[in-house]
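# Coordinates in review
Now for the letters of each chain:
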Amino acid sequence: MKIIVTGGAGFIGGNFVHHIVNKYPDYDIIVLDKLTYAGNLETLDPVMDKIKFVKADIADREAVYKLFEETKPDIVVNFAAESHVDRSIEDPEIFLKTNILGTQVLMDACRKYGIKRYHQVSTDEVYGDLPLDRPDLFFTEETPIHTSSPYSASKASADLLVQAYYRTYGLPVTISRCSNNYGPYHFPEKLIPLMIANALADKPLPVYGEGLNVRDWLYVEDHCRAIDMIIHSGRVGEVYNIGGHNEKTNIYIVKKILELLGKPESLITYVTDRKGHDLRYAIDPTKIHNELGWLPQTMFDEGIVKTVQWYLDNKPWWENIISGEYQDYYEKMYGDR
Ligand code: NAD
Ligand code: DAU
């Protein structure tokens, strides 16, 4: 099998490349990544001799067609995206270019050169949010699309386009919508790695609003296994939700990180809330469980210990990131919040 993984130098894409290299040593793996601020070749260091890496933009039609012409992939898994909600609130345009138009270019290439499967890595954010006082409600694949941020609107638009390419052109597609991931190689602008990095530096931990928003956390390796199952055994044209009933409030997560690092709760600082902040995400994973036998293997209490330990053991990876232009980003987002 020949597989193109776009966004493979990012958090989840990078973990997925590690997963595929280890599980399918005979596969040809081609990583296509623009190496934006979120892409990091060091994430691929351990597997670099087993993959081919191409630096390109998924929205660059010429570059994408050239790669497809040269490699003739069987499977394309699209992780490439602008992925941070806060950045989309500041500047939406690149989200539309990469997440929507980039997806279109990739699918056009799939149509032109022929593939066995195009998989779109989407998000539970396309369903909007659930109220905090209705713990009985969950997102199923039938939940209507109802987006909140420019990020989620761009991901939902891409999903609709993927479904249109299935219906109109018969492109063999699948879509997965996963909840919040955490684990190794997570870029430190997102909640968990940001809180670990700040706590280790004894800096304030900026909690939005009252910290009561709920996310449904999934250890990244469980997400990678789910996508592996979908691309090999999932039904064409279908959407699969991925999540493991690990709902936690943000303040619970932050306090847990402080406890694991032996740091005081006095570091917690409540800051101005995110605009349009989604209240609660919660996935119903019944479909992927019943059809493909997927279940999460790492529960939150175990996964967060492993994650904190990874950040302690791999300081050069993230210290390198936060010493550069990240400082300007941090000042802009949190300076007078
Ligand atoms: P990330 O921001 O860590 O990585 C994104 C990667 O895509 C980076 O390597 C970046 O360089 C690359 N990229 C960005 N624009 C590109 C372009 N135009 N062309 C080629 N490469 C480009 O993101 P992530 O957290 O790993 O998320 C990966 C995918 O999973 C995204 O599609 C995201 O919407 C989805 N998702 C993320 C989560 C989560 O919790 N992080 C949950 C559900 C779904
Ligand atoms: O649900 C899946 C989504 O999860 C993915 O589609 C996105 O790509 C991914 O970034 C993530 O989105 P969130 O907005 O949920 O993740 P983030 O880590 O940015 O924030 C998680 C929660 O923590 C959210 O309620 C906002 C809050 N938060 C975040 C940051 C960065 C804070 O309170 N303080 C912070 O400094």
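Residues numbered from 1 in each chain as written. Chains lettered and ligands numbered in written order. Predicted model: local features only at pLDDT ≥ 70, side-chain atom pairs only at ≥ 80, totals over all residues. Heavy atoms only, no water.

With respect to the secondary-structure elements, Ser-149 resides in the loop between β5 (117-123) and α5 (150-169). When its relative accessible area of 9% is taken as the criterion, Ser-149 is described as buried. The contacts of Ser-149, once residues within four sequence positions are left out, are Val-85, Ser-88 and Glu-125. (Helix = DSSP H or I, 4+ residues; strand = E, 2+ residues; numbered from the N terminus. Buried < 20%, exposed > 50% of the residue type's maximum accessible area, 1.4 Å probe, protein only. Contact = heavy atoms within 4.5 Å.)

As for its placement among the helices and strands, Thr-6 is situated in strand β1 (residues 2-6). Non-local contacts of Thr-6, meaning those with residues more than four positions away in its chain, are made with Leu-32, Ile-58, Val-77, Asn-78, Phe-79, Ala-80 and Leu-106.

Taken together, the seven strands give an open sheet; going across it, the order is β3-β2-β1-β4-β5-β6-β11, and neighbouring strands pair in parallel fashion. The sheet terminates laterally at β3 (52-55) and β11 (239-242), the two strands that pair on one side only. Between one strand axis and the next, the sheet turns through 20 degrees on average, direction left out of account. With six bridges joining them, β5 and strand β6 (residues 173-178) adopt parallel strand pairing. Looking at the pairing, Val-121 lines up with Ser-176 of β6. Contacting β1, β4 (75-78) and β5, helix α4 (residues 93-113) crosses the sheet at an angle of about 165 degrees to β5. Strands in contact with helix α7 (residues 220-233) are β1, β4, β5, β6 and β11; relative to β5, the strand with the most contacts, it is inclined by about 145 degrees. (Pairing = 2+ DSSP bridges. Axes fitted to C-alpha atoms, helices over the stretch in contact; angles between N-to-C directions.)

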